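Now for the letters of each chain:
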Amino acid sequence: MQNIVNFNVARLALASIFLLFAYGVGNALGAPTQTNTTKNDIDPAAHNMAPITNLTVSSTSAAVQGSVPITFGQPFKAGDVPAGTQLDASDSIGRSVPLQMDEVSSYADGSVRFAVLSAQLRDLQPNENRQINIYRATTSNFTVPKGSFGTRAFNLKIAVTIFSPQISVITFGNRHGTTPGKPYLAGEKIVIQLGNADPEQYVLTVTDAEAGGGFMTLTKIAEAFLRLINNSSKIFHAYKIGAGGGYENLWITTQKPDDAAFDIKFLYSGAAVQTISQEQNYKLPRTYQANPSKVLESMLTSHQSPRLGGPIAYEYTVVAPFVDTSTGNKHPQLTARLHTRFLDAGQRVRTDMVIENDWTYEPNPGNITYDLTVTQDGRIIYHNDPFTHTHHARWHKVLWSGPEPQVQVKHNMRYFLDTKTTWNYDLSVRIPESVLAAEAAKLANADTGPMGSALITHYFPGVGARDDIGPLPRWTALYLLSQDSRQRAMMLANADAAASVPIHYRDKATDQPVSIDDHPGLTLLFGASIAHDATPVITNGATIWSPDTNHQASFAYIPYMVTGDAFYLDELLFWANWNMASKNPDYREKAKGLIHSEEVRGQAWGLRSLGEATRALPDRHPMKRYFNTKLINNLDWYNGTYPPRHPNDMALSSLGMVERGGTQLNQTRPWMNDYMAIVLAQLAENGELGAQRYLQYLSKFTVGRFTHDNEGFCSAYAAAYTLKLFDDRGNQITDWRELFQKNFGNVTQCDTSQPVIGGYPDLALGYAASARAMLAASARLGIAGAAAAYEKWRARTPKMDNAFKTDPTWAIVP
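For clarity, every value in this text was computed on a predicted model and none was experimentally measured. (Residues numbered from 1 in each chain as written. Predicted model: local features only at pLDDT ≥ 70, side-chain atom pairs only at ≥ 80, totals over all residues. Heavy atoms only, no water.)

Draft legend 1. Focus on the sheet that holds strand E10 (residues 167-172). Strand order in the open sheet formed by 4 strands is E13-E14-E10-E16, and the pairing between neighbours is antiparallel. Looking at the sheet topology across the chains shown, the edges are occupied by strand E13 (236-239) and strand E16 (274-280). For this sheet, the mean angle separating the axes of adjacent strands, direction not counted, is 25°. (Pairing = 2+ DSSP bridges. Helix = DSSP H or I, 4+ residues; strand = E, 2+ residues; numbered from the N terminus. Axes fitted to C-alpha atoms, helices over the stretch in contact; angles between N-to-C directions.)

This is how it looks when you write it as structure tokens:
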């Protein structure tokens, strides 16, 4: 489905590229023939049909824009674009709009599920809003436009100076877990001496609050020295990092990354213990350079296929190593990956420059400190001062050669949601300007530079309501309901920040996320890898991040669906893959990629990520089958496990509840079950029969607790935080009345008109809200009783509708 028109013509044109490049004919390269084209002149009336969908292109410029090439993602409803069909486009007054279709993902019937579209607009007026209608082409008799692009505008060089400053870690005390070590005593003096010839001294007199040998008091000592050093030193910098801020550990380095090595000494006469370890030794700075232009030349010479190919846009992914300018050796980890899009026959080039530190099996993985400069024809077009690039992470920056089109693309959101690309968010919710302005202000104060975290919570396991937890993050739901440019910036900034989390493992052998088919014994977090699949030891690996699956957001899926950018496709694949590869290989059954060892919420978000990958991946992508298989493996496991096959199977509930597991046996968290049901409903809507089957079992509980008032379970309590599953004799509860009495025995009256008890029914972020979203998603699938239960629950939570205007995370409707 990726290439709809004649492949042989494209190959001939690629040969022309090679010949023109080889002989330097004006450095103009004949472009391969467009694979998906439109006729040159379109009369929309000739279609005799309504458009499939439309979009609005809004100029953000005060000047006329003569040429406006745009590229964006577009989902389609099943059957709207049958296999082999071409697309036409025109604007609202009937002018033809050239259109190009690439990176197609198909439904089971072969029709287009999603594609990356490129369109060419002309003479866009200042602040104009131009509607573009997209049609199914009515004839195959069309002209194949010819195109060409030049590479002169793509003459980039990327230079980095890599620094290796000394990084030392001071550990106060010698506690062992929760067992205190030898204590520091109140009144004792601790002196830290930093430096060589003329050292700085920092003196702390231990207070009553800091005295002791446990982690709480030791952490206070480390924090006190952090303040002492950073408030007065002109040479050194102290910091704390990681879970708990590193507790009793304190990291020391130099303020300037090229400063020399230094000594650390303690002057202390007490009995407590302090140790010094080296996270990184000082080395002289070294300069490396990447030359992507030469890599592109080699790609064209060898006739490598572009990601996008046609008369509007040509895009190649150019992977260039960083080479030591003194020795010629390649850096083992740092790599430039440039998604390079040629527009207007190459007169302007959009380069999405991705810098990666993410190889799985290459030597010496760790954090890397460097500055970076991008030049074009010797002129600096981008520079970043020294910063530390986290291990197994990425960052990107879009660079333009030639003017960047000043536009915003807005989808027809009703059609977008009708494609079932995501949940059916309530488009009647109107987001107030005050909310959008507040979001923009938060983003303006966030760190959005390379390795910046934007608004993402560093410590994923942190408890409490957060903007990122839900079917989609709050910032993404706000964008879908507003399509405001500020909210789009917020959504993309957080997707970019997710790339800085150390979960990105790329296999150099395949240039794709590391496969657990190829390395079934690999683990990236829990347990231990089998020796031949183990990764190299990470040095200098401390980061601000503590990722997990239980509290993981959908970071990059909607950004890819909206933009069609390869960076976001890669990003969602990395997260989906990590959710499997982070598990103990035995628990996930190695290459099967099972995720049931997580809490129920983690299982839900893990399934969500697999579903996102299967729907987003182009048909021709080398990992399409991989992710499809992993999703099916997981759904097969659930359907092979639930419902219980025997009435005495105490591990499984006949009422449809899923036990929390771990240290919380004999309990279920209803809201976690709701999360799972919401994800399963979305998968089932997209044709995953295994999801539909498992949801039928689970809905006995998720929907059932709202529909069994007459059987003794009062639905006013349905949004409870926790329910116990077993009676006092240790037998599994199989009756709704008994379940209610076990958990709410002091309740003597119940009717369906009484207010909702618990679950924060007036708020947009509580368990009552996620229950409402679950009922809506289940009703959309026709789950028995869900539609009536949704209407009743909505009537019982009226204040929630107004709350959704500020937080529509759970604002899903049938």
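Once you've had a look at it, read on.
Draft legend 2. Focus on the pairing of strand E18 (residues 313-324). Inspection of the sheet shows strand E17 (residues 283-290) paired to E18 by 2 bridges, in the antiparallel sense. When the bridges of E18 are listed, Gln-289 appears paired with Val-323. Sheet topology note: the E18/strand E19 (residues 330-343) ladder contains 10 bridges and is antiparallel. Note on E19: the bridge partner recorded for Val-318 is Leu-338. What sits between E18 and E19 in their antiparallel hairpin is a turn of 5 residues, with Gly-328 showing a positive phi close to 80°.

Draft legend 3. Broad picture of helix H9 (residues 566-581). Between its terminal C-alpha atoms H9 stretches 22 Å, which fits the 22 Å expected from 16 residues at 1.5 Å a residue. Within H9, 16 of the 16 residues are buried, leaving the element largely enclosed by the surrounding structure. (Expected span 1.5 Å × (residues − 1). Buried < 20%, exposed > 50% of the residue type's maximum accessible area, 1.4 Å probe, protein only.)

Draft legend 4. Inspection of the confidence of the model for the protein at higher detail. Averaged over all residues, the pLDDT of the protein equals 91, while 91% of them reach at least 70. Scored below 50 in pLDDT, residues 1-42 shows 122 contacts in the model against residues more than four places distant or in partner chains. (pLDDT = per-residue confidence, 0-100. Contact = heavy atoms within 4.5 Å.)

Draft legend 5. Looking closely at the pattern of salt bridges. This model, assessed by the stated rule, comprises 39 salt bridges. With a closest N to O distance of 2.5 Å, Asp-801 and Arg-772 form a salt bridge. Within this pair, whereas Asp-801 is found in helix H17 (residues 799-803), its partner Arg-772 is found in helix H15 (residues 767-780), the two being separated by 29 residues in sequence. Given a relative accessible area of 26%, Asp-801 falls into the partly exposed group. Its relative accessible area of 3% is what places Arg-772 among the buried residues. Each member of the salt-bridge network shares a partner with another, and the members are Arg-337, Glu-356, Asp-358, Arg-394, Arg-506, Asp-511, Asp-570 and Glu-571. (Salt bridge = Lys/Arg side-chain N within 4 Å of Asp/Glu carboxyl O.)

Draft legend 6. Quick look at the nonpolar core. If you look at the biggest cluster of nonpolar residues, it comprises 121 residues, and the most contacted ones within it are Tyr-425 and Phe-627. Among residues more than four places away in sequence, those in contact with Tyr-425 are Leu-417, Pro-471, Leu-472, Ala-477, Leu-480, Leu-481, Pro-808, Thr-809, Ala-811, Ile-812 and Val-813. Counting residues in hydrophobic clusters, the runner-up holds 33 residues, among them Ile-162, Ala-320, Ile-355 and Leu-372. (Core = buried A, V, L, I, M, F, W, Y, C linked by side-chain atoms within 4.5 Å.)

Draft legend 7. The state of the cysteines, seen in detail. Enumeration according to the criterion identifies 1 disulfide in this entry. Two residues share a disulfide in this structure: Cys-714 and Cys-750, whose sulfurs sit 1.9 Å from each other. Looking down the S-S bond of the Cys-714 and Cys-750 bridge, the torsion is 90°, so its handedness is right-handed. In this pair, Cys-714 sits in the loop between helix H13 (689-702) and strand E28 (723-724) while Cys-750 sits in the loop between helix H14 (736-744) and H15, placing the two residues 36 residues apart along the sequence. (Disulfide = S-S within 2.5 Å.)

Draft legend 8. Main features of the sheet that holds strand E11 (residues 189-194). Strands sit in the order E12-E11-E15 across an open sheet of 3 strands; the sheet is antiparallel. With partners counted over all chains shown, the strands left at the sheet margins are strand E12 (200-205) and strand E15 (264-267), one partner each. Across the sheet, the axes of successive neighbouring strands diverge by a mean angle of 20°, strand direction being ignored. Bridging between E11 and E12 involves 6 bridges; their strand directions are antiparallel. Paired with Ile-192 across the bridge in E12 is Tyr-202. In this fold helix H2 (residues 215-232) packs onto E11 and E12, with an angle of close to 140° to the strand it touches most, E12.

Draft legend 9. Focus on H14. Among the residues making up H14, those that are buried are Trp-736, Leu-739, Phe-740 and Phe-744. The arc that holds the buried residues of H14, viewed along the axis, is 95°, so those residues lie on one side. Residues of H14 that are buried in the fold lie against H13 and E28. Where H14 starts, the residue carrying a side-chain oxygen 3.0 Å from the main-chain nitrogen of Arg-737 turns out to be Asp-735. (Arc of directions from axis to C-beta. Polar contact = N/O pair within 3.5 Å; in protein donor to acceptor, adjacent residues only side chain to side chain.)

Draft legend 10. Here's a closer look at the packing of aromatic side chains. All told, the structure shown has 38 aromatic pairs when counted by the stated rule. Ring geometry for Tyr-638 against Tyr-694: centres 4.8 Å apart, planes inclined by 15°, an arrangement best described as stacked. Of this pair, Tyr-638 sits in helix H11 (residues 624-641) while Tyr-694 sits in helix H13, and the two are 56 residues apart along the sequence. Judged by its relative accessible area of 1%, Tyr-694 falls in the buried class. An aromatic cluster is defined as three or more aromatic residues linked by ring pairs; in this entry it consists of Trp-605, Trp-671, Tyr-675, Tyr-721, Tyr-760, Tyr-767 and Trp-810. Above the ring of Tyr-247, the side-chain terminus of Arg-175 is found at 5.9 Å from the ring centroid. Sitting over the ring of Phe-701, Arg-705 keeps its end group 5.3 Å from the ring centre. (Phe/Tyr/Trp six-rings, centres within 6.5 Å; stacked < 30°, edge-to-face > 60°. Lys NZ or Arg CZ within 6 Å of the ring centre and 35° of its normal.)

Draft legend 11. Structural context of the environment of Phe-342. Residue position: Phe-342 is located in strand E19. For Phe-342, a relative accessible area of 2% puts it in the buried group.

Draft legend 12. Local environment of a nonpolar patch on the surface. A surface patch of nonpolar side chains, amounting to about 300 Å² of accessible area, comprises Phe-215, Met-216 and Tyr-247. Topologically, Tyr-247 is positioned in the loop between E13 and strand E14 (249-254). (Patch = residues over 30% accessible without salt bridge, like charges linked within 9 Å, V, L, I, M, F, W, Y side chains within 5 Å. Areas by Shrake-Rupley, 256 points an atom, 1.4 Å probe, with all protein chains shown as cover.)

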